[in-house]
Amino acid sequence: MAEVVLGIETSCDETSAAVLVGRGGKGRPELASLVILSQDVHQVFGGVVPELASRAHLAALPAVVDRALAEAGVVFTAVDAVAVTQGPGLVGALLVGVVYAKALAYAGNRALIGVHHMEGHLFAPAVEDPELEPPFVALLVSGGHTLLLDVPAWGRYRLLGQTRDDAAGEAFDKVATLLGLGYPGGPAIECLATQGDPDRFSFPRPLLDEGFEFSFSGLKTAVLRAVRASGDLERDRPHLARAFQDAVLDVLVTKLERAVRATGCGTAVLGGGVACSRTLTALAAERLRGAARVAVASPRLNADNAAMIARAGWYRLSLGERSNWTLDAQADLPLPGLEVPQPARYASRTS
Ligand code: KG4
Ligand code: ZN
């Protein structure tokens, strides 16, 4: 079993490397270092420009990896395995990480493991909370995905629901643009919403009463109409941000609560960039009180980072899995171990 794993993440606009070190074969690694370099260049364009992201990863990655090794006090010859985000994400950005990881592993004759980005997000709370173990339900909410999973064991992911259109983070980013706020939109909306009156506007809560699926594009259109109808956007902006955030978070937490009740799980994991929202985690904790404990990583580990990739890679390596030299970056990649159960199975457990 690997005792030192170097993680690399370059799927979007964060260049990140991290080192995980085992504690005497207990199988629960400790985070020895984490370096995250956020690419500010995209703020000028109001969104991630893929070609610029790839070039920035290319320029920064060697220094970011060296820094992570130095902060961990580890030389590369002590690294047993390199874990790298294989997908999903921006293919050019992913390619930089994958090629670099392959070169490092090949040259040093180390093990290589490709990691699914969303499995990384799922493992993020386990970096800080080594006792975290399934069964639990997980809500993974990022810029590209909204996944509600029943997790009976690590590596087994039963899909309860996902979004039919926009991801939750994508909705935050698009609405932030409508409101004239910067990128990324989630933190800007959360901040502005603190000054908003919750009763000034009311937006629809799509699919609130139905099952486990999500839909956010209609909500975005409702905000667009309200922005157009506003006679004074300067005055209305915080109230619109508040009403939008309230609608999204109500839908997310209602579905999470439904999943907890349907599965009987005593733990609910929140992960992905949207889980950086303290408003989301506070609402989930309040609504699930008495039913489930909410496990969520600190914001640094919920945003894109290499520690979660190293941790998910650690798990895969512990199963004896290895990638070979044909490992390739993939913009679309199915989550390993994803099962799509029949809806009736959950319906019967609800009663
Ligand atoms: O996981 P992540 O860092 O990148 C992807 O894998 O996509 O998620 C980024 C998303 C962005 O859409 C961003 O607006 C959202 O997470 N986000 C938030 C907050 N912080 C980041 N959304 C709502 N509230 C926040 N505080
Ligand atoms: Zn992510």
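Residue indices follow the written sequence of each chain, beginning from 1 at its first position. All chains are assigned letters beginning at A, and all ligands numbers beginning at 1, according to the order in which they are written. The predicted origin of the model limits local features to residues at a pLDDT of at least 70 and limits the giving and counting of side-chain atom pairs to 80 or more, whereas totals for whole chains, interfaces and linings rest on all residues. Hydrogens and waters are ignored; side-chain quantities use all the structure's heavy atoms.

Summing up its helical and strand segments, the chain has 11 helices and 11 strands in all. For a compact globule the rule gives 2.2 Å times the number of residues to the power 0.38, and the radius of gyration it is set against comes from C-alpha atoms. At 20 Å, the chain has a C-alpha radius of gyration in line with the 20 Å of a compact globule built from 351 residues. Oriented by its inertia axes, the alpha-carbon framework of the chain measures out at about 60 × 50 × 30 Å. Split into buried and exposed, the 351 residues of the chain put 54% on the buried side. Within the chain, counting contacts between residues at least 6 apart in sequence, those at least 24 apart form 75% of the total. The Shrake-Rupley method, run with a 1.4 Å probe, gives the accessible areas here. Residue values count only the displayed protein chains as cover. Summed over all atoms, the accessible surface of the chain reaches about 14500 Å², with 53% contributed by carbon and sulfur. Put simply, DSSP marks the helices as runs of H or I at least four residues long and the strands as runs of E at least two long, and each gets a number from the N terminus on. For every residue, the accessible area obtained with a 1.4 Å probe (protein chains only) is divided by the maximum for its type, and the residue is called buried under 20%, exposed over 50%, and partly exposed between those limits. Contact between two residues is taken to exist if any of their heavy atoms lie within 4.5 Å; hydrogens are not considered.

Here the focus is the packing of helix 4 (residues 168-178) against helix 5 (residues 185-193). Axis definition: a line fitted to C-alpha atoms, over the contacting stretch in the case of helices. Angles run 0 to 180 degrees between N-to-C directions. One way to put it is that helix 4 packs onto helix 5 with a least axis distance of 7 Å and a crossing angle of 65°. It follows from the interaxial angle that helix 4 and helix 5 lie roughly perpendicular. Where helix 4 crosses over helix 5, the handedness of that crossing is left-handed. For the pair formed by helix 4 and helix 5, the contact residues are Phe 172, Asp 173, Val 175 and Ala 176 on the first element and Gly 185, Gly 186 and Ile 189 on the second. Under this grouping Gly is polar, as are all residues other than the nonpolar Ala, Val, Leu, Ile, Met, Phe, Trp, Tyr, Cys and Pro and the charged Asp, Glu, Lys and Arg. Of the residues in the contact of helix 4 with helix 5, the class split is 4 nonpolar, 2 polar and 1 charged. Each angle receives one of four descriptions, namely roughly parallel if under 35 degrees, roughly antiparallel if over 145, roughly perpendicular if within 65 to 115, and oblique otherwise. It is the rotation of the near helix from the far one that decides the hand of a crossing: anticlockwise by less than a right angle makes it left-handed, clockwise makes it right-handed.

Octahedral metals with six donors have ideal donor angles of 90 or 180 degrees. Tetrahedral metals with four donors have an ideal donor angle of 109.5 degrees. Because no water is among the atoms considered, metal sites can look incomplete, with donors defined as N, O and S atoms within 2.8 Å of the metal, or 3.2 Å for Na, K and Ca. Bound to the zinc ion (ligand 2) are the protein donor atoms His 117 (NE2), His 121 (NE2) and Asp 304 (OD), situated 2.0 to 2.1 Å from the metal. All donors of the zinc ion (ligand 2) come from a single chain, and their spacing in sequence reads H-x3-H-x182-D. A residue pair is termed long-range when its members are at least 10 positions apart, and His 117 in helix 3 (residues 117-128) and Asp 304 in the loop between helix 9 (299-302) and helix 10 (306-318) qualify at 187 residues. Given a relative accessible area of 6%, His 117 falls into the buried group. According to the relative accessible area criterion, Asp 304 is buried, its value standing at 14%.

On to the site of ligand 1. Lining the immediate environment of ligand 1, one finds 19 residues, of which His 121, Gly 143, Asp 173, Gly 186 and Glu 190 sit closest. Under this definition, polar contacts are N or O atom pairs within 3.5 Å; protein pairs additionally need one hydrogen-donor-capable and one acceptor-capable atom, and for neighbouring residues in sequence, both atoms have to be side-chain atoms. Residue His 117 places a side-chain N or O atom 3.1 Å away from an oxygen atom belonging to ligand 1. The side chain of Asp 173 places a nitrogen or oxygen atom 2.7 Å from an oxygen atom of ligand 1. For ligand 1, the accessible surface in isolation is 550 Å², of which the surrounding protein chains cover 88%. A cavity here means a set of points on a 1 Å grid, drawn over the protein atoms and nothing else, where a 1.4 Å probe fits but cannot get out; a pocket is an open set with protein on both sides within 12 Å along at least five of seven lines, and a residue lines either one if it has an atom within 4 Å of a point. For a molecule to be placed in a cavity or pocket, more than half of its atoms must lie within 2 Å of the grid points of that cavity or pocket. Put simply, ligand 1 lies in the largest pocket. Counting only elements with at least two residues in the shell around ligand 1, the list comes to helix 3, helix 4 and helix 5. With 4 residues, helix 5 is the largest single contributor of residues to the shell around ligand 1. In terms of residue class, the shell around ligand 1 is built from 6 nonpolar, 10 polar and 3 charged. Here, proximity means that at least one heavy atom of the residue falls within 4 Å of the molecule or strand.

We now examine the pattern of salt bridges. The working definition used for a salt bridge is a side-chain nitrogen of Lys or Arg within 4 Å of a carboxyl oxygen of Asp or Glu. Scanning all chains against the criterion turns up 19 salt bridges. The partner of Arg 156 in a salt bridge is Glu 339, with the nearest N and O atoms 3.2 Å apart. Highlighted residues: Arg 156 in strand 8 (residues 156-162) and Glu 339 in strand 11 (residues 338-339), separated in sequence by 183 residues. Taking the relative accessible area as the measure of exposure, Arg 156 reaches 37% and is therefore partly exposed. For Arg 205, the salt bridge is made with Asp 250, and the minimal N-O distance between the two is 2.8 Å. In this pair, Arg 205 sits in the loop between helix 5 and helix 6 (217-229) while Asp 250 sits in helix 7 (residues 233-263), placing the two residues 45 residues apart along the sequence. Look at Arg 205 and you get partly exposed, because its relative accessible area is 31%. Through salt bridges that share partners, Arg 205, Asp 250, Glu 257, Arg 261 and Arg 287 make up one connected network.

Here the focus is the sheet that holds strand 9 (residues 267-271). Should DSSP find at least two bridges between two strands, the strands are taken to pair. Read from one edge to the other, the open sheet built from 6 strands follows the order 10-9-6-7-8-11, with strand pairing classed as mixed. The open sheet has two free edges, formed respectively by strand 10 (293-296) and strand 11, since each of these has just one partner strand. Bridge analysis of strand 7 (residues 146-153) against strand 8 gives 5 bridges, and the strand direction is antiparallel. Each bridged residue has a counterpart across the sheet, and for Leu 147 the counterpart in strand 8 is Gln 162. This element, helix 3, spans strand 6 (136-141), strand 7, strand 8, strand 9 and strand 10 of the sheet and lies at about 120° to strand 6.

Next up on the list: the packing of aromatic side chains. Centres within 6.5 Å are what make two rings of Phe, Tyr or Trp a pair, Trp counting through its six-membered ring; a difference in plane orientation under 30 degrees is then read as stacked, over 60 as edge-to-face, and the rest as tilted. Tallied over the full model, the rule gives 7 aromatic pairs. Here the aromatic rings of Phe 123 and Trp 154 are separated by 4.1 Å at their centres, their planes lie at 20°, and the arrangement is stacked. Here Phe 123, found in helix 3, pairs with Trp 154, found in the loop between strand 7 and strand 8; they are 31 residues apart in sequence, far enough to count as distant. Trp 154 shares its class with Phe 123; the two are buried. Relative to Phe 244, the ring of Phe 172 has its centre 5.2 Å away and its plane inclined at 75°; by these criteria the two rings are edge-to-face. Residue Phe 172 is found in helix 4, and its partner Phe 244 is found in helix 7; the two are separated by 72 residues along the sequence. For Phe 172, a relative accessible area of 5% gives the class buried. Looking at Phe 244, the relative accessible area reads 0%, which means it is buried. Each residue in the set Phe 123, Phe 136, Trp 154 and Tyr 315 is aromatic and connected to the rest through ring pairs, giving one cluster.

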